[in-house]
Structure formats: structure tokens, C-alpha cells
Amino acid sequence: MAKPLMTKATAVWLVDNTTLSFKQIADFCELHELEVQGIADGDVAAGVKGFDPIANNQLDQSEIDKAEADPTYALKLKHNPAAAGEEKRRGPRYTPLSKRQDRPASILWLVKFHPELTDGQISKLVGTTKPTIQAIRERTHWNIQNIQPIDPVALGLCKQTELDAAVQKAAAKKARDGELMSDDERRKLVSTEQSLGMEPEPKIPTAISGLESFTLLGDEDEEEDKSDLVDADSLFNLPGDVEKDEDEQP
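In this text the structure is predicted, and so the values were computed from the model without any measurement.

### Considering unusual backbone geometry
- Its identity is not glycine, yet Glu-30 carries a phi of approximately 55 degrees, on the positive side.
- Within the element layout of this structure, Glu-30 appears in the loop between α2 (22-29) and α3 (33-41).
- Taking the relative accessible area as the measure of exposure, Glu-30 reaches 46% and is therefore partly exposed.
- A positive phi angle, close to 60 degrees, is found at Asn-57, a residue other than glycine.
- If you trace the backbone, Asn-57 turns up in the loop between α3 and α4 (61-69).

### Regarding the pattern of salt bridges
- Considering all chains together, one arrives at three salt bridges under this definition.
- Note that Lys-8 and Glu-35 form a salt bridge whose closest N and O atoms lie 3.1 Å from each other. Taken together, the residues Lys-8 in helix α1 (residues 7-17) and Glu-35 in helix α3 connect sequence positions 27 residues apart.
- In this structure Glu-35 comes out as partly exposed when scored by relative accessible area, which is 24%.
- Asp-27 is the partner of Lys-23 in a salt bridge, and the nearest nitrogen-oxygen pair spans 2.9 Å. Residue Lys-23 and its partner Asp-27 are located together in helix α2, separated by four residues, close to a single helical turn.
- The partly exposed category is assigned to Lys-23, whose relative accessible area is 48%.

### Quick notes on the side chain of Gln-121
- Looking at the element boundaries, Gln-121 is found in helix α6 (residues 119-126).
- Among the polar contacts made by the side chain of Gln-121, one reaches the main-chain amide nitrogen of Thr-118 at a distance of 3.1 Å.
- Discounting residues that sit within four places of it in the chain, Gln-121 has contacts with Glu-116, Ala-166, Lys-169 and Ala-170.

About the cut-offs
Residues numbered from 1 in each chain as written. Predicted model: local features only at pLDDT ≥ 70, side-chain atom pairs only at ≥ 80, totals over all residues. Heavy atoms only, no water. Helix = DSSP H or I, 4+ residues; strand = E, 2+ residues; numbered from the N terminus. Buried < 20%, exposed > 50% of the residue type's maximum accessible area, 1.4 Å probe, protein only. Salt bridge = Lys/Arg side-chain N within 4 Å of Asp/Glu carboxyl O. Polar contact = N/O pair within 3.5 Å; in protein donor to acceptor, adjacent residues only side chain to side chain. Contact = heavy atoms within 4.5 Å.

In C-alpha cells form, the structure reads like this:
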């Protein structure tokens, strides 16, 4: 690892238990020298319990002795085989609890304005799962009627540079595969400012969804139906009535 575990707590322990310079502690813990000085003055990390790097197999006492004897000596972190590759661990992005409710809105924005992004790219950008992305793509999400598309950058779920890099990567892959972006897809590529200023799309109530293409019968059908109707007067003008009228004439 490039830095010790619990860097601030380790710095507190080194300030309290050694005569190392602020710069040596700052370089070892990857902190600013003024921050270490604030720890010594009690202005920073107040109430933080010191974390012993010797007891936790991160430093040797001989290493501290060398650094105390030579103010220019840089402390070297003790190698821990169990920590090899720990910083490269891959997994979904952590999303704070306060922002997790905004993820469906950001997913809908990415699906709508960047259809070239894969589910894996969207998952890494906003820290969600592929089933959730699929549900929003297919509009089967339980709260789809109340979700409005919002830029994930505006929500603080990812950085603009990360979004741009993902879009460029997806566009390059599409170009390598020989797929060209359609005019509709190009028109969907809008900036953050434009997307925030767009009017929300009108939504069809759930009760009448699926009836968008329903139409009434046209005028021609109505005329054909009328032609098939029987005239009521013709039903009462029977042949027997005609003969009776002729007999009554003088």
C-alpha cells in the first residue's frame, strides 16, 4: 500500500509518541504538513484515538529510530503481502445514502441522452445494478411514472470528466464495430445546462396507457352502416294495404 491504514489516527500516534518532524509524519501519512501541525496543536483530529503503526505491523521501531536520528530520512511503510492489490479492488461505486434515491433519475437521463452507453458503464458511473438499469430501460420500474431524467453530474453522482470519458469510449467502440450514430441519437446529446432547463415530458396516466393508437370509426364506415339500416316506413307499406285502398275508392 502507498500509505498506512487510518492515516490521520496514525499521524496522531506519531505526534504523541515520537520526535519525528511534521514533514516526516506528513509524508508518511500523505497529509499536509500544516494538518500535522494542527494535530499537534489540538486543532485537528480532536478526539481521534491514536493508531499504533508498530503494533499493527506497518512500521518497525528501528525505522522510527532512524527517522528520529535523521530529520531528512523518509519513513518506509512495512510491506504487507495481504494488502497487495488492495487499492485496485474493483467493484461498484459507493453512493452515499442521501443520494441513492436520485440514482433512478440519473439512470433515466443516461438512457435517454446517451443510448450508446452500456449497462456496465452506467453501473460504474452512478453505482447501481444492471437489473435496475434494465427495468428503467424497459419502463417496468415500480416508480417509473414519477421519475424525471436528471444529469448525474448535477446530482453529484459522478464527475463530468468520467461521463465524457465513458461517452467517448462508447462512441469509439461503436465506430470500431461499424455502427454509425443516427440523427436521432445525435439530437439527444445535450449538455448539462440544456438538460436541466428542459421541460418535463408529459406522461400518460397508467389507467389509459396502451390506448394511444386507439381511433374511432371513420365517416366512411358510418355511412356504410347507415346504408344497411331498414327504412321504418317500408315495413308498414304492405301489399294488402294497397288493395284495400283501391276497393274503398268510389
